[in-house]
Amino acid sequence: MKKNILVIGAGSGIGRALFELLNTLPEFRAFGISRRGIPFQKTQMIDSGVNYKCDLTNEKEIVSFFEFYQHSFKDIHAIYLCQGDGLFGNISSLSKDSIEKHFSLNIISSFLVLQKFYSLVRNSTDSPFVCFLSSTAGKIGFPESTAYCASKHAVAGLAKSLREEWKKDKIRIFTVYPGAISTEIWDNREGFDQKDMISPEEFAEYLKSFLYLPGSINLDESYVLPMKGIL
Ligand SMILES: NC(=O)c1ccc[n+]([C@@H]2O[C@H](COP(=O)([O-])OP(=O)(O)OC[C@H]3O[C@@H](n4cnc5c(N)ncnc54)[C@H](OP(=O)(O)O)[C@@H]3O)[C@@H](O)[C@H]2O)c1
(Lines give C-alpha, C1' and ligand atoms only; values in the text may rest on other atoms or scores of the structure.)
Protein backbone atom coordinates (compact mmCIF):
# COMPACT_ATOMS: atom_id res chain seq x y z
CA MET A 1 0.00 0.00 0.00
CA LYS A 2 1.36 3.41 -0.96
CA LYS A 3 1.47 6.02 1.82
CA ASN A 4 0.02 9.49 1.27
CA ILE A 5 2.28 12.46 2.02
CA LEU A 6 1.23 16.11 1.98
CA VAL A 7 3.83 18.84 1.44
CA ILE A 8 2.49 22.24 2.48
CA GLY A 9 4.40 24.97 0.61
CA ALA A 10 5.69 22.84 -2.27
CA GLY A 11 6.16 25.76 -4.68
CA SER A 12 9.80 26.63 -4.07
CA GLY A 13 12.78 26.13 -1.79
CA ILE A 14 12.74 23.34 0.80
CA GLY A 15 9.15 22.30 0.09
CA ARG A 16 9.69 21.99 -3.65
CA ALA A 17 12.97 20.04 -3.24
CA LEU A 18 11.25 17.63 -0.83
CA PHE A 19 8.19 17.28 -3.06
CA GLU A 20 10.33 16.50 -6.12
CA LEU A 21 12.33 13.95 -4.16
CA LEU A 22 9.22 12.21 -2.80
CA ASN A 23 7.86 11.97 -6.34
CA THR A 24 10.78 9.68 -7.24
CA LEU A 25 9.87 7.16 -4.50
CA PRO A 26 7.45 4.44 -5.62
CA GLU A 27 6.21 3.62 -2.10
CA PHE A 28 4.68 7.07 -1.56
CA ARG A 29 1.99 9.28 -3.12
CA ALA A 30 2.99 12.93 -2.66
CA PHE A 31 0.60 15.89 -2.93
CA GLY A 32 1.66 19.53 -2.73
CA ILE A 33 -0.04 22.87 -2.17
CA SER A 34 1.13 26.45 -2.65
CA ARG A 35 0.07 29.64 -4.45
CA ARG A 36 1.78 28.71 -7.71
CA GLY A 37 0.13 25.27 -7.87
CA ILE A 38 -2.42 24.05 -10.39
CA PRO A 39 -6.11 24.99 -9.88
CA PHE A 40 -8.52 22.13 -9.06
CA GLN A 41 -12.23 21.38 -9.01
CA LYS A 42 -13.48 19.96 -5.71
CA THR A 43 -15.35 17.17 -7.49
CA GLN A 44 -12.25 15.93 -9.37
CA MET A 45 -10.12 13.03 -8.14
CA ILE A 46 -6.76 14.21 -6.79
CA ASP A 47 -3.53 13.21 -8.62
CA SER A 48 -0.30 12.45 -6.80
CA GLY A 49 2.81 14.26 -7.99
CA VAL A 50 0.89 17.51 -8.48
CA ASN A 51 1.34 20.77 -6.58
CA TYR A 52 -2.16 22.27 -6.26
CA LYS A 53 -3.07 25.93 -5.97
CA CYS A 54 -3.88 27.10 -2.45
CA ASP A 55 -3.21 30.42 -0.74
CA LEU A 56 -2.57 29.41 2.85
CA THR A 57 -3.48 32.86 4.15
CA ASN A 58 -7.02 32.28 2.90
CA GLU A 59 -9.00 29.89 5.12
CA LYS A 60 -11.59 29.20 2.38
CA GLU A 61 -8.87 27.92 0.06
CA ILE A 62 -7.55 25.57 2.76
CA VAL A 63 -11.07 24.23 3.33
CA SER A 64 -11.56 23.74 -0.45
CA PHE A 65 -8.32 21.81 -0.75
CA PHE A 66 -9.28 19.67 2.26
CA GLU A 67 -12.64 18.78 0.64
CA PHE A 68 -10.89 18.03 -2.65
CA TYR A 69 -8.36 15.74 -0.93
CA GLN A 70 -11.02 14.02 1.18
CA HIS A 71 -13.01 13.26 -1.94
CA SER A 72 -10.18 10.85 -2.96
CA PHE A 73 -8.48 9.72 0.27
CA LYS A 74 -9.43 9.18 3.90
CA ASP A 75 -5.96 9.09 5.42
CA ILE A 76 -2.58 10.79 5.41
CA HIS A 77 0.66 9.25 6.64
CA ALA A 78 2.72 12.45 6.89
CA ILE A 79 2.35 16.21 6.62
CA TYR A 80 5.43 18.38 6.10
CA LEU A 81 4.74 22.06 6.89
CA CYS A 82 7.22 23.87 4.61
CA GLN A 83 5.35 27.12 4.01
CA GLY A 84 6.69 30.41 5.27
CA ASP A 85 8.29 33.72 4.45
CA GLY A 86 10.80 36.11 5.99
CA LEU A 87 10.06 39.56 7.45
CA PHE A 88 13.17 41.47 8.42
CA GLY A 89 14.12 45.02 9.40
CA ASN A 90 14.23 46.93 12.66
CA ILE A 91 11.09 46.74 14.79
CA SER A 92 10.01 50.31 14.02
CA SER A 93 10.03 49.65 10.29
CA LEU A 94 7.44 46.84 10.42
CA SER A 95 3.87 47.80 9.56
CA LYS A 96 0.94 46.15 11.35
CA ASP A 97 -0.24 44.82 8.00
CA SER A 98 3.11 43.19 7.18
CA ILE A 99 3.31 41.60 10.67
CA GLU A 100 -0.23 40.21 10.36
CA LYS A 101 0.47 38.78 6.88
CA HIS A 102 3.68 37.18 8.12
CA PHE A 103 1.94 35.55 11.10
CA SER A 104 -0.95 34.46 8.93
CA LEU A 105 1.41 32.44 6.72
CA ASN A 106 4.09 31.36 9.20
CA ILE A 107 1.89 30.20 12.06
CA ILE A 108 -1.88 30.59 11.62
CA SER A 109 -1.90 28.57 8.38
CA SER A 110 -0.41 25.60 10.27
CA PHE A 111 -3.26 25.74 12.80
CA LEU A 112 -5.83 25.80 10.00
CA VAL A 113 -4.25 22.96 7.99
CA LEU A 114 -3.88 20.74 11.06
CA GLN A 115 -7.41 21.44 12.33
CA LYS A 116 -8.80 20.29 8.98
CA PHE A 117 -6.52 17.30 8.38
CA TYR A 118 -6.38 15.95 11.96
CA SER A 119 -8.97 13.23 11.41
CA LEU A 120 -7.21 12.01 8.25
CA VAL A 121 -3.82 11.82 9.97
CA ARG A 122 -5.46 9.95 12.86
CA ASN A 123 -6.95 7.49 10.36
CA SER A 124 -3.48 6.39 9.27
CA THR A 125 -2.66 3.19 11.11
CA ASP A 126 1.08 3.16 10.41
CA SER A 127 2.69 5.66 12.85
CA PRO A 128 1.74 8.90 11.08
CA PHE A 129 3.65 12.12 11.71
CA VAL A 130 3.63 15.88 11.25
CA CYS A 131 6.93 17.67 10.57
CA PHE A 132 7.24 21.36 11.47
CA LEU A 133 9.99 23.65 10.17
CA SER A 134 10.98 26.14 12.85
CA SER A 135 14.46 27.69 12.53
CA THR A 136 17.55 28.68 14.49
CA ALA A 137 15.40 31.84 14.80
CA GLY A 138 12.96 29.65 16.74
CA LYS A 139 15.65 28.96 19.34
CA ILE A 140 17.65 32.18 19.62
CA GLY A 141 17.24 35.86 18.77
CA PHE A 142 18.77 37.73 15.82
CA PRO A 143 18.74 41.51 15.32
CA GLU A 144 16.44 42.97 12.64
CA SER A 145 14.39 39.76 12.90
CA THR A 146 11.76 40.35 15.59
CA ALA A 147 8.82 39.19 13.46
CA TYR A 148 10.63 36.18 12.03
CA CYS A 149 12.01 35.12 15.45
CA ALA A 150 8.56 35.54 17.02
CA SER A 151 6.80 33.46 14.33
CA LYS A 152 9.46 30.72 14.44
CA HIS A 153 9.32 30.54 18.26
CA ALA A 154 5.53 30.27 17.83
CA VAL A 155 5.97 27.32 15.45
CA ALA A 156 8.09 25.58 18.10
CA GLY A 157 5.46 26.26 20.76
CA LEU A 158 2.64 24.93 18.62
CA ALA A 159 4.66 21.80 17.86
CA LYS A 160 5.63 21.13 21.49
CA SER A 161 2.05 21.41 22.65
CA LEU A 162 0.68 19.28 19.82
CA ARG A 163 3.31 16.64 20.61
CA GLU A 164 1.61 16.20 23.99
CA GLU A 165 -1.94 16.64 22.71
CA TRP A 166 -1.77 14.08 19.90
CA LYS A 167 0.34 11.37 21.54
CA LYS A 168 -2.93 9.66 22.60
CA ASP A 169 -3.69 9.27 18.87
CA LYS A 170 -0.20 7.86 18.18
CA ILE A 171 0.55 10.80 15.89
CA ARG A 172 4.23 11.68 16.01
CA ILE A 173 5.34 15.32 15.95
CA PHE A 174 8.81 16.23 14.65
CA THR A 175 10.22 19.75 14.88
CA VAL A 176 13.27 20.68 12.82
CA TYR A 177 15.27 23.83 13.55
CA PRO A 178 17.24 24.40 10.34
CA GLY A 179 20.15 26.80 9.98
CA ALA A 180 20.80 28.41 6.61
CA ILE A 181 19.39 26.55 3.58
CA SER A 182 20.13 28.25 0.23
CA THR A 183 16.62 29.23 -0.93
CA GLU A 184 14.83 32.40 -2.10
CA ILE A 185 14.22 33.39 1.51
CA TRP A 186 17.84 34.69 1.52
CA ASP A 187 17.42 36.80 -1.64
CA ASN A 188 18.19 40.49 -1.02
CA ARG A 189 19.80 39.78 2.38
CA GLU A 190 23.31 41.18 2.48
CA GLY A 191 26.28 39.64 4.28
CA PHE A 192 25.41 35.99 3.66
CA ASP A 193 27.08 33.69 1.13
CA GLN A 194 24.82 30.93 -0.25
CA LYS A 195 27.96 28.76 -0.68
CA ASP A 196 28.10 28.47 3.13
CA MET A 197 24.56 27.07 3.28
CA ILE A 198 22.97 23.61 2.98
CA SER A 199 21.33 23.10 -0.42
CA PRO A 200 17.54 22.50 -0.39
CA GLU A 201 18.12 19.15 -2.16
CA GLU A 202 20.46 17.93 0.61
CA PHE A 203 18.10 19.14 3.29
CA ALA A 204 15.23 17.35 1.54
CA GLU A 205 17.22 14.10 1.85
CA TYR A 206 17.26 14.63 5.61
CA LEU A 207 13.51 15.28 5.76
CA LYS A 208 12.83 12.25 3.55
CA SER A 209 14.70 10.01 6.01
CA PHE A 210 11.91 10.55 8.58
CA LEU A 211 9.68 8.35 6.43
CA TYR A 212 11.95 5.38 7.17
CA LEU A 213 12.21 5.77 10.96
CA PRO A 214 10.73 2.99 13.06
CA GLY A 215 7.27 3.96 14.28
CA SER A 216 8.43 3.78 17.91
CA ILE A 217 10.71 6.81 17.40
CA ASN A 218 9.47 10.36 17.89
CA LEU A 219 12.25 12.69 16.72
CA ASP A 220 11.00 15.50 18.97
CA GLU A 221 13.55 18.12 17.94
CA SER A 222 16.51 18.26 15.58
CA TYR A 223 18.87 21.20 15.09
CA VAL A 224 20.37 21.05 11.59
CA LEU A 225 23.20 23.45 10.74
CA PRO A 226 25.65 23.93 7.87
CA MET A 227 29.33 23.18 8.57
CA LYS A 228 30.04 26.84 9.46
CA GLY A 229 27.31 26.74 12.11
CA ILE A 230 25.05 29.77 12.56
CA LEU A 231 25.91 32.25 9.78
N1 LIG B 1 15.92 28.73 3.97
C2 LIG B 1 16.35 28.75 5.21
O3 LIG B 1 17.53 29.06 5.48
C4 LIG B 1 15.43 28.34 6.32
C5 LIG B 1 16.00 28.17 7.59
C6 LIG B 1 15.16 27.83 8.64
C7 LIG B 1 13.82 27.67 8.44
N8 LIG B 1 13.30 27.85 7.19
C9 LIG B 1 11.85 27.70 7.04
O10 LIG B 1 11.56 26.77 6.03
C11 LIG B 1 10.32 27.10 5.40
C12 LIG B 1 10.52 27.14 3.90
O13 LIG B 1 11.42 28.16 3.58
P14 LIG B 1 12.22 28.23 2.21
O15 LIG B 1 13.59 28.68 2.55
O16 LIG B 1 12.03 27.00 1.43
O17 LIG B 1 11.50 29.48 1.54
P18 LIG B 1 10.79 29.66 0.12
O19 LIG B 1 11.64 29.11 -0.97
O20 LIG B 1 10.43 31.10 0.05
O21 LIG B 1 9.50 28.73 0.25
C22 LIG B 1 8.32 29.19 0.82
C23 LIG B 1 7.22 28.24 0.42
O24 LIG B 1 5.99 28.72 0.94
C25 LIG B 1 5.04 28.84 -0.12
N26 LIG B 1 4.17 29.98 0.16
C27 LIG B 1 4.53 31.27 0.40
N28 LIG B 1 3.43 32.03 0.60
C29 LIG B 1 2.36 31.19 0.49
C30 LIG B 1 0.96 31.37 0.58
N31 LIG B 1 0.40 32.56 0.87
N32 LIG B 1 0.17 30.30 0.39
C33 LIG B 1 0.69 29.08 0.09
N34 LIG B 1 2.03 28.85 0.02
C35 LIG B 1 2.84 29.90 0.20
C36 LIG B 1 5.86 29.05 -1.38
O37 LIG B 1 5.21 28.61 -2.56
P38 LIG B 1 4.40 29.63 -3.51
O39 LIG B 1 5.30 30.79 -3.76
O40 LIG B 1 4.08 28.83 -4.73
O41 LIG B 1 3.17 30.01 -2.77
C42 LIG B 1 7.04 28.12 -1.09
O43 LIG B 1 6.70 26.80 -1.42
C44 LIG B 1 9.88 28.44 6.01
O45 LIG B 1 8.98 28.20 7.06
C46 LIG B 1 11.17 28.98 6.59
O47 LIG B 1 10.95 29.85 7.68
C48 LIG B 1 14.06 28.18 6.12
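For the structure, check the block above.
Notes on the structure in this doc start here. Note that the structure is a prediction, hence the values are computed from the model and not measured. (Residues numbered from 1 in each chain as written. Predicted model: local features only at pLDDT ≥ 70, side-chain atom pairs only at ≥ 80, totals over all residues. Heavy atoms only, no water.)

Overview of the packing of helix 1 (residues 13-22) against helix 5 (residues 200-209)
The N-to-C vectors of helix 1 and helix 5 enclose an angle of 60 degrees; their axes lie 8 Å apart at closest approach. Judged by the angle between their axes, helix 1 and helix 5 are oblique. Pair helix 1 / helix 5 crosses with right-handed handedness. Across from Gly13, Ile14, Ala17, Leu18, Leu21 and Leu22 in helix 1, the residues of helix 5 making contact are Pro200, Glu201, Phe203, Ala204, Glu205, Leu207 and Lys208. Across the contact of helix 1 with helix 5, the residue classes tally to nine nonpolar, one polar and three charged. (Axes fitted to C-alpha atoms, helices over the stretch in contact; angles between N-to-C directions. Helix = DSSP H or I, 4+ residues; strand = E, 2+ residues; numbered from the N terminus. Parallel < 35°, antiparallel > 145°, perpendicular 65-115°, else oblique. Left-handed = near helix turned anticlockwise from the far one by under 90°. Contact = heavy atoms within 4.5 Å. Nonpolar A, V, L, I, M, F, W, Y, C, P; charged D, E, K, R; others polar.)

Quick notes on the packing of aromatic side chains
The description of an aromatic ring pair rests on the distance of the ring centres and on the angle between the ring planes. Scanning the entire structure with this criterion turns up 23 aromatic pairs. Each ring, one from tyrosine 177 and one from tyrosine 223, has its centre 6.5 Å from the other, and the planes form 80 degrees; the classification is edge-to-face. Separated by 46 residues along the polypeptide, tyrosine 177 in strand 6 (residues 172-178) and tyrosine 223 in strand 7 (residues 221-224) bring together distant segments of the chain. Residue classification places tyrosine 223 among the partly exposed positions, given a relative accessible area of 39%. Members of the aromatic cluster, each reached through a chain of ring pairs, are Phe31, Phe40, Tyr52, Phe65, Phe66, Phe68, Tyr69, Phe73 and Phe117. When the ring centre of tyrosine 118 is taken as origin, the NZ or CZ atom of arginine 122, which lies over that ring, is 4.6 Å away. (Phe/Tyr/Trp six-rings, centres within 6.5 Å; stacked < 30°, edge-to-face > 60°. Buried < 20%, exposed > 50% of the residue type's maximum accessible area, 1.4 Å probe, protein only. Lys NZ or Arg CZ within 6 Å of the ring centre and 35° of its normal.)

Description of the nonpolar core
Of all hydrophobic cores here, the largest spans 37 residues; its most connected members are Phe65, Tyr69, Ile79, Phe117 and Phe132. Of all the secondary structure elements, the ones that give two or more residues to this core are strand 1 (3-8), strand 2 (28-34), helix 2 (59-72), strand 4 (78-81), helix 3 (96-122), strand 5 (129-133) and helix 4 (146-165). For this core, the element with the most residues is helix 3, which contributes nine residues. Here phenylalanine 65 is in contact with Leu6, Ile33, Phe40, Ile46, Tyr52, Cys54 and Phe117, once residues within four sequence places are set aside. Listed in part, the 28 residues of the second largest apolar core include Leu25, Ala30, Phe129 and Val224. (Core = buried A, V, L, I, M, F, W, Y, C linked by side-chain atoms within 4.5 Å.)

Details of the pattern of salt bridges
Any two side chains of opposite charge can pair, so long as their charged atoms come close to each other. Throughout the structure, instances matching the rule amount to eleven salt bridges. The shortest N-O distance in the salt bridge between glutamate 221 and lysine 139 comes to 4.0 Å. Here the residue glutamate 221 occupies a position in strand 7, and lysine 139 occupies one in the loop between strand 5 and helix 4, the gap between them amounting to 82 residues. Classification of lysine 139 as partly exposed rests on a relative accessible area of 38%. Note that arginine 163 and aspartate 220 form a salt bridge whose closest N and O atoms lie 2.9 Å from each other. With arginine 163 in helix 4 and aspartate 220 in the loop between helix 5 and strand 7, the pair connects residues that are 57 residues apart, well separated along the chain. The exposure class assigned to aspartate 220 is partly exposed, which follows from its relative accessible area of 33%. (Salt bridge = Lys/Arg side-chain N within 4 Å of Asp/Glu carboxyl O.)

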